[in-house]
Amino acid sequence: MRPWLRVALPAVVALLAPASGGHLARAATKVSFGQVSPTATTWPGIVATRKGFFAANGVEMDTVSIGVSPGMQAVASGSLNIMHNTCNAVISFIEMGGKGTHLSLVSMGIHPGVVVGKKGLESAAELKGKVVGTSSIKSGSTILLRRLLKARGLAGADYDVVAGQGSAQIFSGLQAGALDAVWLVPPQSLTAVAAGYPVIGTFKEVAPKIPVRVLRHQ
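Within every chain, residues take consecutive numbers counted from 1 along the sequence as written. Two thresholds apply to this predicted model, a pLDDT of at least 70 for residue-level local features and 80 or more for giving and counting side-chain atom pairs, whereas whole-chain, interface and lining totals are computed over all residues. No hydrogens and no water enter the side-chain calculation; it runs on all heavy atoms of the structure.

Caption draft 1: View of a nonpolar patch on the surface. Residues with no salt bridge and a relative accessible area higher than 30% make up the patches, which join like charges within 9 Å and nonpolar side chains (Val, Leu, Ile, Met, Phe, Trp, Tyr) within 5 Å. Per-residue and other accessible areas were derived by the Shrake-Rupley procedure at a 1.4 Å probe size, with only the shown protein chains allowed to occlude residues. Note on definitions: salt bridges are taken to be side-chain nitrogens of Lys or Arg within 4 Å of carboxyl oxygens of Asp or Glu. On the surface, Ile91, Ile94 and Leu103 cluster together into a nonpolar patch covering about 210 Å² of accessible area. Secondary structure is summarised from DSSP: a helix means a run of H or I of at least four residues, a strand means a run of E of at least two, and numbering begins at the N terminus for each. In this structure, Ile94 sits in helix 5 (residues 87-95). Relative accessible area serves as the criterion here: at 36%, Ile94 is assigned to the partly exposed category. Throughout, exposure labels follow a simple rule: accessible area from a 1.4 Å probe, protein chains only, divided by the maximum for the residue type, with under 20% read as buried, over 50% as exposed, and the rest as partly exposed.

Caption draft 2: Focus on the environment of Ala28. Counting through the fold element by element, Ala28 comes out in the loop between helix 1 (3-20) and strand 1 (29-35). As for Ala28 and Asn57, which are separated by 29 residues in sequence, their C-alpha atoms are 8.0 Å apart.

Caption draft 3: Here's a closer look at the packing of helix 4 (residues 68-77) against helix 5. Between helix 4 and helix 5, whose axes approach to 10 Å, the crossing angle comes to 55°. What the angle tells us is that helix 4 and helix 5 run oblique. Considering the relative orientation of helix 4 and helix 5, their crossing is right-handed. Note on element contacts: helix 5 touches helix 4 through Ala89, Val90 and Phe93, opposite Val68, Met72, Gln73 and Ala76. Class assignment for the residues of the contact of helix 4 with helix 5 results in six nonpolar, one polar and no charged. Each axis is a line fitted through C-alpha atoms, taken for helices only over the stretch in contact, and angles between the N-to-C directions span 0 to 180 degrees. Should an angle fall under 35 degrees it is taken as roughly parallel, and over 145 as roughly antiparallel, whereas 65 to 115 is taken as roughly perpendicular and any remaining angle as oblique. When the near helix sits turned anticlockwise from the far one by under a right angle, the crossing is termed left-handed; a clockwise turn instead gives a right-handed crossing. Whether two residues touch is decided by their heavy atoms; if any such pair falls within 4.5 Å, the residues are in contact. In this classification, the charged set is Asp, Glu, Lys and Arg, the nonpolar set is Ala, Val, Leu, Ile, Met, Phe, Trp, Tyr, Cys and Pro, and all remaining amino acids, among them Gly, are polar.

Caption draft 4: Expanded view of the confidence of the model for the protein. pLDDT is a per-residue confidence score from the predictor, ranging from 0 to 100. With 82% of its residues at a pLDDT of 70 or more, the protein shows a mean pLDDT of 81. Confidence drops under pLDDT 50 across residues 1-25; counting only partners more than four residues distant or on other chains, this segment forms 42 contacts.

Caption draft 5: Broad picture of the pattern of salt bridges. A complete count under the given rule lists two salt bridges for this structure. Two residues, Glu205 and Arg152, come together in a salt bridge whose shortest N-O distance is 2.7 Å. Here the residue Glu205 occupies a position in helix 9 (residues 203-206), and Arg152 occupies one in the loop between helix 6 (140-151) and strand 7 (160-163), the gap between them amounting to 53 residues.

Caption draft 6: Region of the structure containing the environment of Val162. Within the secondary structure layout, Val162 lies in strand 7. For Val162 and Val182, which are 20 residues apart along the polypeptide, the C-alpha to C-alpha distance reads 9.7 Å. Ignoring any residue separated from it by four or fewer positions in sequence, one finds Val162 in contact with Val131, Val132, Gly133, Thr134, Ile137 and Leu179.

Structure representation (structure tokens):
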């Protein structure tokens, strides 16, 4: 079974079995799936859809891009069935009293985040007084971003952090000159490096093994 199905399909089946009596193949049931941003982390799902793996199991996946915090609210309200999110975002939501969601599956691994600066940046020290982009102020990726910049000699007060939505969106901000540095994951990180944006560091340096992604559902 493909890695994506090992993660996504059990949660989908758990959601749909009560309504379908366990016979998903009889009629396709639409499942709304949320992602923070269109990145390589969701490529297996695209492949699974095109190969017909979901359809073969009676599932029609409707994928939407949505921010970290809005995504949590969407799952809680029922407008999304499943959300592919950062681990700490789900835990924080539940600990702060968020209702109606369950932490399902956690994937262990290396966060693929790469922090890149605007063209011409020669060192992290040049980010003092500048603006750094992230997906969500309270996301796990922002924690790693701050940890990496601290390792490069920057205190939290040395720079401003602004939130976009995800890797694709904040990369656009970097390209437009609105942001001085951002963290990116593939394919945006690969595109940035190939285009000559300087690499400040990687999340792997400060978190070599961390729970990266989770599935949560209502």
